[in-house]
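Descriptive structure summary
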Amino acid sequence: MTNAVLTGLVLGGMYALIAMGLTLQYGVARIMNLAYGEFLIGSAFASYFLFTGWAVNPLVGLIVIVPVSFVVSFLLYKIFLTPLVRRARTRDALEVDSILATFGLMFIVQGILLTMFGGAYFSYSFLAIPVTVVGEVLAMNRLVAFALAVVLGTVLYLLLTRTRIGTSIRAVAVDPASAPLVAINVPQLSALAFAAGGALVASAGVLISMFLTFSATSGVVFTMKALIVVVMGGIGNLMGCLVAGMLLGLSEALVATYIDPGLTIAVNFALFLGVLLVRPAGIFGRGGR
Amino acid sequence: MMSSSAPILKVEGLTRRFGGLVAVNDMGFTVHAGEIVGLLGPNGSGKTTAINLISGVLQPDAGRVVLGDTDIAGWPTFKIARLGVARTFQLVRVLDGMTCGDNVRAGLAFNQRARIESDVSVDGLLARVGLADHNSRPASELTYIDRKRLELARALALRPSVLLLDEWLAGLNPSELQIGIALIRSLKDEGLSILMVEHVMAAIRSLCSRCVVMSSGRRIADGPTDTVLRDPAVIEAYLGAPEHA
Amino acid sequence: MSVSQLLIGAVSLAAIAGLAVVPSLVDAYHLALGITLLQFTILATAWGLFSGPTRYVSLATTAFFGVGAYTVAVLGEQLPWPLVLTVAAVIGSVTSAIVGLSTLRLSGVHFVIFTFGLAELVKQLVVWFEVNKSRVLGRYIFLDITQQDIYWQLLALAVIVFAVGWLIARSRLGFALRIIGEDETVARHCGINVTFAKVALFVISAVFMTLVGAIMAPRWTYIEPSIAFNATISFEVVIMALLGGAHRVWGPALGAIPLTLLFEFLSARFPNTSTLIMGVVFLLIVYALPSGVVGLIEKIRQFRRGSAAQGSGT
């Protein structure tokens, strides 16, 4: 039981971290990014490359990979997604357009990864030292990944709630139409939020590569889980990501331990539908009027 | 012009909360056959929420909405529409990608009562609201008042027993306003029962035989229009307490 | 019936007759290509039936296709073929009705997310069932069904899907869906049972997808969940329907034919980069042809009419 709960907590922390990046991209920049998981896998491969090629510690690799992802995502939004934002007349139209565009992007990133690495699974051994936590044995790399996820999540939360720019970002998430009235530069902040989301998913990719095997095509699963967590928690809500992510991680670990490891996706969907039937706007979502 | 017959629409104890806010609180009123009742109140007093509760867009937390002898509270919107509650919207909604004729046909096609009445036709309804010869014209080409007319024609296509007008006269210029008032009066003369949310005082005075006034979700007055508009509680709700006015 | 309608009818009949004799004229390779073309034409048209008017982007094609294929894998040898197809259609409609009823009340985005994972979900449930209950993973299909048979069945299904699309567009259901596509709130206030209309269309569309999967199944002699539930099909179908334009019945076919040929060519010539090129094609469509080939044709027509009117005016 303790082991299942610990595994669930680590998994849930990861899901929460992944979802926080997506909730910034979707909640603030209004881009429903279906290529999100591909960026996670992209940075996992980058970390693998640095570690096996140049023996760069993944934790040091973070310092390189995260800023690069920030810049790449920023440019991506500015060059590639801004035309869609301008073209869209309604929020629904932008949603459909961004789904389709990032869909194409998903294939492109996946295609590049496939041509570079093929379809095989990759992993590397880093900090694979057993440690004992409350009487249960866990791998060190999982604990480190979890701790870093907690730190990153906390930093993001403080940035959004305690700084001026964070407050503006939250204002855009709540009401993009009124934000310009209080002198908020919505296009600029949207680009920043999208880039911050890219940086977060990159960090999640590095952390996950330390303890999970991955392949060029495993991104889709992460996109799916991130989307489920974001919608379940309430779009644009960080606390929602945390609670929904933990819920998902714990339920997956418990079902895998006690019922059948082959039913995790079924559990995801059952939770997703269950939550939405009771609270259509998500756990922390503001109910539609 | 109070009718002694049973009311067409009777609302009792209607309540709806949004989180901690009680948007509509224990509302009650009636609409009788062939009368126009005004639903008044300052902005945010719950008028549109009341309309949404009656037409099924929102589900009430408590209360009854009796149409004829059927309690329709909590029914899905499409069933309420089929039973004869038609409405227009505060921000006019027409189907821009279709012709005017198809807009009206939208109101006719899904309604048993409308379909078996052979005297109701698309052209007849368009002519009724002053849009004769507009059948094949794209709705997107219409002017503001014509869009309002088209929305009304679509509502009339349902052969409603009660028509809910949510600020249908708002935004019209003075000459259009006279046309609009005349149009609504002609509907009443044909025996249609109407509940209208309205802010235009001239229209309320000339059209409504009776008014219900809301403030903060509650009913604060109900009676003949002249009496209600002189009621100190109503004046206070609109203008604030005397010492602040 | 006008002269032009009669003409269209005659041309369609001639085209069907022409397509029906194709198997006796071509070699095995081209027959296989013909089968793939028909498969994607039906899938894309069925996708457009639902997603065109409702504007819900469905990524569930693979889920239904796989349900059809797997039904054949399980029941193919136990029942006569027409009955197998009937059972597949029933399972497909029940599955889609459950999915539709539980997700179509949600917003469009939630629907996309759900269908995004639906194929994976169904696949996992099938695997779980096979491993724990029936204790077989992977089944052999030995049926006396030739490539020609598959071709003819698909051709018949293609005719039916177009006929159904044509009929829906002219029915009260089709009119209701146009109104829903314009403004769902107004639709409800016109007395339209919006949920029923959406679910009905979703089920009709899903039954066609299921039948395609069932008819195609004998093409593989061995089938397992990862073959039957191949997610790429969902994505390809969306690209095809969008390239063609999903707001007309015949639109998706206009995208399905060129893209099927392109993908066939790519996977034969550049097997390693086909995913990448598919992504590029997708982006080109989204950015350059947002309303598809049909939209482009309509725009050109409108432009011609506009310039003609101007010409006569001056």
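Along each chain, numbering runs from 1 in the same order as the chain's sequence is written. Just so you know, chain letters begin at A and ligand numbers begin at 1, following the order they were written in. Reporting of local features is limited, given that this is a predicted model, to residues whose pLDDT is at least 70; pairs of side-chain atoms are given and counted only at 80 or more, and all residues count toward the totals for whole chains, interfaces and linings. As a rule here, side-chain values come from all non-hydrogen atoms in the structure, and water together with hydrogens is ignored.

Our next topic: the overall build of chain C. The secondary structure content of chain C amounts to 15 helices and two strands. Between the two quantities, the radius of gyration covers C-alpha atoms and the globule rule is 2.2 Å times the number of residues to the power 0.38. Taken over C-alpha atoms, the radius of gyration comes to 20 Å for chain C, in line with the 20 Å a tight globule of 314 residues would show. When its C-alpha atoms are laid out on the principal axes, chain C stretches across 75 × 50 × 45 Å. The cut-offs for exposure are 20% and 50% of the maximum accessible area for each residue type, with area from a 1.4 Å probe on protein chains only; residues under the lower value are buried, those over the upper are exposed, and the others partly exposed. Expressed as a percentage of its 314 residues, the buried residues of chain C come to 51%. Contacts spanning at least 24 positions in sequence make up 81% of the contacts within chain C whose residues lie at least 6 apart. A total of about 14000 Å² of accessible surface is found on chain C, and carbon and sulfur atoms cover 67% of it. Charge convention: Lys and Arg are scored as positive, Asp and Glu as negative, and His as well as the terminal groups of each chain are ignored. To locate a charge, take NZ of a lysine, CZ of an arginine, CG of an aspartate or CD of a glutamate. Across chain C, the 18 positively charged side chains and the 13 negatively charged ones have centroids separated by 11 Å. Helix and strand labels come from DSSP, where a helix needs a run of H or I of at least four residues and a strand needs a run of E of at least two; each type is numbered from the N terminus. Contact criterion: two residues are considered in contact whenever any of their non-hydrogen atoms come within 4.5 Å of each other. Each accessible area is a Shrake-Rupley result for a 1.4 Å probe, and residues are judged covered by the shown protein chains and nothing else.

Taken together, the contact pairs 34 residues of chain C with 43 residues of chain A. Here's the idea: put two parts together, see how much 1.4 Å probe accessible area each one loses, and the total over both is what we call buried area. Counting the surface lost from both chain C and chain A, the interface buries some 3300 Å², and carbon and sulfur atoms represent 82% of this. The largest share of the area that chain C buries against chain A comes from Ile113, Phe116 and Tyr287 of chain C, three residues that together contribute 19% of it. We define a salt bridge as a contact between a side-chain nitrogen of Lys or Arg and a carboxyl oxygen of Asp or Glu at a distance within 4 Å. The interface formed by chain C and chain A holds zero salt bridges in total. We call two N or O atoms a polar contact when they sit within 3.5 Å, provided that within protein one can donate a hydrogen and the other can accept it, with sequence-adjacent residues counted only if both atoms are side-chain atoms. Our count for the contact surface shared by chain C and chain A stands at five residue pairs in polar contact (both at pLDDT 80 or more). Secondary-structure elements contributing two or more residues to the side of chain C that touches chain A are α5 (81-103), α6 (108-134), α12 (232-244) and α14 (274-288) of chain C. No other element matches α6 of chain C, which puts 14 residues into the side of chain C that touches chain A. Here the side of chain C that touches chain A is built from residues that sort into 23 nonpolar, ten polar and one charged. Three classes are used: nonpolar for Ala, Val, Leu, Ile, Met, Phe, Trp, Tyr, Cys and Pro, charged for Asp, Glu, Lys and Arg, and polar for all others, with Gly counted as polar.

The subject of this paragraph is the packing of helix α2 (residues 36-54) of chain A against helix α4 (residues 91-117) of chain A. Residue and element names in this part refer to chain A. Put simply, α2 and α4 touch, their axes get as near as 10 Å, and they point 25 degrees apart. Considering the angle they form, α2 stands roughly parallel to α4. Seen from above, α2 lies across α4 with left-handed handedness. Side by side, α2 and α4 meet where Glu38, Phe39, Ile41, Gly42 and Phe45 of the first sit next to Leu105, Met106, Val109, Gln110, Leu113 and Phe117 of the second. Split by residue class, the contact of α2 with α4 holds eight nonpolar, two polar and one charged. Fitting a line to C-alpha atoms yields each axis, with helices limited to the stretch in contact; the angle taken between N-to-C directions then spans 0 to 180 degrees. When describing relative orientation, an angle under 35 degrees is termed roughly parallel and one over 145 degrees roughly antiparallel, while 65 to 115 degrees is termed roughly perpendicular and anything else oblique. Crossing handedness follows the turn of the near helix against the far one: under a right angle anticlockwise gives a left-handed crossing, and clockwise gives a right-handed one.

So, on to the sheet that holds strand β10 (residues 218-224) of chain B. Residues and elements named next belong to chain B. Two strands qualify as a pair provided DSSP detects at least 2 bridges between them. Spatial strand order, β6-β7-β8-β3-β9-β10: six strands in an open sheet with mixed pairing. Strands with a single pairing partner mark the edges of an open sheet, and in this sheet they are β6 (85-87) and β10. For this sheet, the mean angle separating the axes of adjacent strands, direction not counted, is 20 degrees. Where β6 lies against strand β7 (residues 162-166), three bridges are found, and the strand directions are parallel. Residue pairing for β7: Arg87 is matched across the bridge by Leu164. Each of β6 and β7 touches helix α6 (residues 144-157); the most contacted strand, β7, lies at about 155 degrees to it.

Turning to the pattern of salt bridges, a few remarks are in order. Where side chains of opposite charge bring their charged atoms close, a pairing between them can arise. Residue and element names in this part refer to chain B. Counted according to the given criterion, the structure contains 19 salt bridges over all chains. A salt bridge links Asp61 to Arg17, with the shortest nitrogen-to-oxygen separation between them at 3.8 Å. One end of the pair, Asp61, is in the loop between α1 (47-55) and β4 (62-67); the other, Arg17, is in strand β1 (residues 9-18), with 44 residues separating them in the sequence. Among the residues examined, Arg17 registers a relative accessible area of 44% and is labelled partly exposed. A salt bridge links Arg147 to Asp96, with the nearest nitrogen and oxygen atoms 3.0 Å apart. Separated by 51 residues along the polypeptide, Arg147 in helix α6 and Asp96 in the loop between β6 and α3 (100-109) bring together distant segments of the chain.

Most often, soluble globular proteins keep nonpolar side chains buried together rather than apart. Buried Ala, Val, Leu, Ile, Met, Phe, Trp, Tyr and Cys residues that are joined via side-chain atoms within 4.5 Å together make up what is termed a nonpolar core. Counting residues in each nonpolar core, the largest one holds 202 residues, and the members touching the most others are Leu118, Leu154 and Ile179 of chain C. Contact partners of Leu154 of chain C, with chain neighbours within four places excluded, come to Ile35, Leu38, Gln39, Ile42, Val212, Ile215 and Met216 of chain C. Ile145, Leu169, Met196 and Val213 of chain B belong to the second-largest nonpolar core, a separate cluster that totals 47 residues.

All names here are of chain C. By secondary structure assignment, the location of Ser93 is in helix α5. In sequence terms Ser93 and Leu289 are 196 residues apart; their C-alpha atoms lie 33 Å from each other. In this view, Ser93 contacts Val203 and Val207; residues no more than four positions away in its chain are not counted.

Taken together, the contact pairs 22 residues of chain B with 15 residues of chain C. Together chain B and chain C conceal approximately 1800 Å² of surface at their shared face, both sides included; 66% is due to carbon and sulfur atoms. Looking only at chain B, the three residues that lose the most surface to chain C are Phe78, Met98 and Phe110 of chain B, adding up to 34% of its buried area. One can count two salt bridges joining chain B with chain C. Note that Asp102 of chain B and Arg178 of chain C form a salt bridge whose closest N and O atoms lie 3.5 Å from each other. There are six residue pairs in polar contact (both at pLDDT 80 or more) connecting chain B and chain C. Among the secondary structure elements, those contributing two or more residues to the side of chain B that touches chain C are α2 (77-83) and α3 of chain B. Residue contributions to the side of chain B that touches chain C peak at five residues, all from α3 of chain B.

The next subject is the packing of helix α4 (residues 61-75) of chain C against α5 of chain C. Residues and elements named next belong to chain C. α5 packs onto α4 with a crossing angle of 140 degrees between their chain directions and a minimal axis gap of 9 Å. Here α4 is positioned oblique relative to α5, judged by the angle of their axes. The interaxial crossing formed by α4 with α5 has right-handed handedness. In this structure, α4 uses Phe64, Val67, Gly68, Thr71, Val72 and Leu75 to contact α5, whose residues at the interface are Trp81, Val84, Val87, Ala88, Ile91, Gly92, Thr95 and Ser96. When grouped by side-chain class, the residues that make up the contact of α4 with α5 number nine nonpolar, five polar and no charged.

Moving on: the packing of aromatic side chains. We call Phe, Tyr and Trp rings a pair once their centres come within 6.5 Å, taking the six-membered ring for Trp, and we label the pair stacked below 30 degrees between planes, edge-to-face above 60, and tilted otherwise. What the rule picks out here adds up to 24 aromatic pairs over all chains. Seen in terms of ring centroids, Phe107 of chain A and Phe235 of chain C are 5.3 Å apart; in terms of plane orientation they differ by 80 degrees. Their pairing is edge-to-face. Here Phe107 of chain A is found in helix α4, whereas its partner Phe235 of chain C is found in helix α12 on a different chain. Of the residues examined, Phe107 of chain A reaches a relative accessible area of 3% and is grouped as buried. A relative accessible area of 8% places Phe235 of chain C in the buried class. With centroids separated by 5.7 Å and ring planes inclined at 75 degrees, the aromatic side chains of Phe64 of chain C and Phe202 of chain C adopt a geometry described as edge-to-face. Separated by 138 residues along the polypeptide, Phe64 of chain C in helix α4 and Phe202 of chain C in helix α10 (residues 194-216) bring together distant segments of the chain. By relative accessible area, Phe64 of chain C is classed as buried at 2%. You can call Phe202 of chain C buried: its relative accessible area is 2%. Put simply, the rings of Phe45, Tyr48, Phe117, Phe122 and Phe214 of chain A touch in pairs and so form one group of aromatic residues. Note that Arg93 of chain B overlies the ring of Phe89 of chain B, its terminal NZ or CZ placed 5.3 Å from the centroid. A ring is considered to have a charge above it if a Lys NZ or an Arg CZ atom is located within 6 Å of its centre and within 35 degrees of its normal.

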